[in-house]
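This is what each chain is made of:
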Amino acid sequence: MRGLMQDRPLLLSSIAEFAERSHGDVEIVSRRVEGDVHRHTYREAFARSRRLANALDALALKPGETVASLAWNGYRHFELYFGVSGSARVLHTVNPRLTIEHVQWILNHAQDRALFFDLTFLPIVQKLHQACPAIGVYVALCSEADLPQGSGIPNLMSYETLIGAHSDRYDWPQFDEHAASSLCYTSGTTGKPKGVLYSHRSSVLHAYAVSLPDSLNLSARDTILPVVPMFHVNAWGLAYAAPAMGSKLVLPGQSLDGASLCKLIEDEGVTLAAGVPTVWQGLLDHADAGRIRFRTFRRTVIGGASCSRAMYDGFTGRHGVEVLHAWGMTETSPLGTASAPRRAPADMTADERASVALSQGRAPFGVELRIVDESGAELPRDGLAAGELQIRGAWVLSAYFGADQPEALTTDGWFATGDIATIDGDGFMRITDRAKDVIKSGGEWISSAELENIALAHPGVLRAACIGVKHARWDERPIVLVMTRPDASVTREALLALYTDRVAKWQVPDDIVFVDDLPLGATGKLLKHTLREAWRDHLLAATQ
Ligand code: AMP
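Residues take numbers from 1 onward in each chain, read along the sequence in its written order. Whole-chain, interface and lining totals are the exception, using all residues; otherwise, since this is a predicted model, local features are given only for residues with pLDDT of at least 70 and side-chain atom pairs are given and counted only at 80 or more. By convention in this description, side-chain values take in all heavy atoms of the structure and omit both hydrogens and water.

Looking at an unreviewed UniProt entry, the protein carries the name Long-chain-fatty-acid--CoA ligase, with the source organism given as Caballeronia humi.

1. Examining the state of the cysteines
Counting rule for disulfides: a pair of cysteine sulfur atoms within 2.5 Å. Scanning all chains against the criterion turns up 0 disulfides. Not engaged in a disulfide, the cysteine cysteine 262 finds its nearest cysteine sulfur in cysteine 307; these two sulfurs lie 17 Å apart. The buried category is assigned to cysteine 262, whose relative accessible area is 3%. Exposed residues in this analysis have more than 50% of their type's maximum accessible area, buried residues have under 20%, and partly exposed residues fall in between, with area computed by a 1.4 Å probe over protein chains only.

2. Looking at the nonpolar core
Residue types Ala, Val, Leu, Ile, Met, Phe, Trp, Tyr and Cys, when buried and joined through side-chain atoms within 4.5 Å, form a set referred to as a nonpolar core. Within the largest apolar cluster, 86 residues are counted, with the highest numbers of intra-cluster contacts made by Phe78, Phe116, Trp280 and Phe315. Among the elements that take part in this core, helix H2 (residues 42-58) stands out by supplying 7 residues, more than any other. Here phenylalanine 315 is in contact with Trp280, Leu283, Leu284, Phe297, Thr300, Ile302, Gly320, Val321 and Val323, once residues within four sequence places are set aside. If you look at the next biggest cluster of nonpolar residues, it comprises 29 residues, including Val90, Ile124, Cys142 and Ile153. Only DSSP runs of H or I reaching four residues or more are called helices, and only runs of E reaching two or more are called strands; each is numbered from the N terminus. Any two residues having at least one pair of non-hydrogen atoms within 4.5 Å are treated as being in contact.

3. Regarding the sheet that holds strand S10 (residues 223-226)
Strand pairing is assigned whenever DSSP identifies at least 2 bridges connecting the two strands. Read from one edge of the open sheet, 8 strands run S2-S1-S11-S10-S12-S13-S14-S15, paired in mixed fashion. Here the strands that pair on one side only, and so sit at the sheet edges, are strand S2 (37-41) and strand S15 (335-338). Here the average twist between neighbouring strands, direction ignored, is 20°. Two strands pair when backbone bridges link them, and strand S1 (residues 27-31) and S2 are joined in this way by 5 bridges, in the antiparallel orientation. Residue pairing for S2: serine 30 is matched across the bridge by histidine 38. Only the stretch in contact is used when a helix axis is fitted, and all axes are lines through C-alpha atoms; the angle between N-to-C directions ranges over 0 to 180 degrees.

4. A closer look at empty space enclosed by the protein
Grid spacing is 1 Å over the protein atoms alone, the probe is 1.4 Å, and a cavity is where that probe fits but cannot get out, while a pocket is an open set with protein on both sides within 12 Å along at least five of seven lines and lining residues have an atom within 4 Å of a point. Grid points are joined across faces, edges and corners, and a volume is the space filled by probe spheres set on the points. Per the counting criterion, the structure on display carries 1 cavity of 30 Å³ or more. Estimated volume of the largest cavity: approximately 40 Å³. Lining the largest cavity we find Tyr198, Ser202, Ser203, His206, Asn234, Gly237, Tyr240 and Ser333. The element that contributes the greatest number of residues to the lining of the largest cavity is helix H7 (residues 200-211), accounting for 3 residues. Three categories are distinguished: nonpolar for Ala, Val, Leu, Ile, Met, Phe, Trp, Tyr, Cys and Pro, charged for Asp, Glu, Lys and Arg, and polar for the others, with Gly belonging to the last. Here the lining of the largest cavity is built from residues that sort into 2 nonpolar, 6 polar and no charged.

5. Quick word on unusual backbone geometry
Omega for the bond connecting serine 333 with proline 334 falls within 30 degrees of zero, at 10°, which places this linkage in the cis form. Structurally, the position occupied by proline 334 is in the loop between strand S14 (322-328) and S15. Even without a glycine there, the phi angle at alanine 60 is positive, about 65°. Tracing the backbone shows alanine 60 in the loop between H2 and strand S3 (66-70). Given a relative accessible area of 55%, alanine 60 falls into the exposed group. We note that arginine 291 has phi near 45°; this positive angle belongs to a residue other than glycine. The residue arginine 291 is located in the loop between helix H11 (277-289) and strand S13 (299-302) in this model.

Written out as structure tokens, the structure reads:
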């Protein structure tokens, strides 16, 4: 027997309609490429999204066609999120930090029909537009006055002129909630990027899941600063969750340095911010140096790479800002886990609190996790057994976009993440490695994440990368490459001493090497494969 309930499709436009009706006066504040701070409200933003939807109709872009964006976090990008997806087209957010070859490749692979871009990215568009024949419409996210002359880009329009020519009267179409809403490619550090095609249904369910108390705990009383880019996994879903909850949104544009972020946090009364560890390091350094006491900033969400104990201590100890550690992937929308405790803080020791906060966290209702060994057998949830992490759920991909892409799921329907993890009895997951980064020494696994965190506990260490390099006797041994703070004095011996009490003797790195730079990829993660290649023979050379 079918239930007798209304069948309302879960569409992103329903978030727009809700936010406009119930939170129309709530602000979106954006630091613009133009340099100033812009403010408008959800009411104004969604009226402009509707103008955009009419403009896309006039441009004869069909439902299901892809529209690309190359843009920072800003109000015009936000309007695209709803104007494009709400009108049944697919918004393809492109990561401008990818190599130009990859950007060009994904624009063609996605068969994008239109490209909307911030003026910062004009040089990229100038370089690749001739190689992207499917794109017939180019729109610069600026006013007519700022439109560059003689750019060489055919029929380049300004966004303000485009939407200004159309009415804000538009009825959001109703269609199948399984229709595609947006497209995001993985960063592709090895091989070609792979496209993840989100649906309206998955995005709406994910917006609910992100907002839950044991996830990011969002409400109408929050002012949210997504430092995580809107060009990568929909700013962790915050661009949808914030209007769904009626939270004020603060969008930082391209100024992601500590000083600019601190100013925005203080000026706008930000209560919660989300970003990757490298960005937060800049913010912490600035806040420490200026002895800044945050007025309203209470919670930070850290994900994309692992949060170190030093960073946790910095936020919680020195600034009274709670740390929520979260794990996810492009393929998982991204929320897979968040580290909210299961018990009241008063019932835990300081070390227990830190251990829980620094775990990657628990899965919310809606996704399931398991770890498996090399034969695919499930491993126990005892906090000790480490195996490949697999995930399934309503906002986890089922297949990559495009017929030429590899199968994404195991035969029994799980997505194999490529991360190595433990899960404890309370469900807290801890990443010990990427499968391809794991170090196998004499047949035993050594966690590169653990060895990196120990080095990062030294106040003089800014960034650390632990990699496995060739070893004549043990196949592979760990070494740690360390980038120090400019004025710090750190010795190899002092760092090695940190390891002796903390890990088994055979896990202590064979060498600590000081380097001037540790390269980061397009989404702020260490480029370990480059490092492994560069340092592969380091220990062999030393023993010869
Ligand atoms: P991406 O698809 O580019 O967002 O990258 C996803 C990958 O980032 C995951 O598979 C993990 O390897 C890594 N990652 C994400 N969040 C965390 C975290 N909190 N701790 C450690 N690694 C993380």
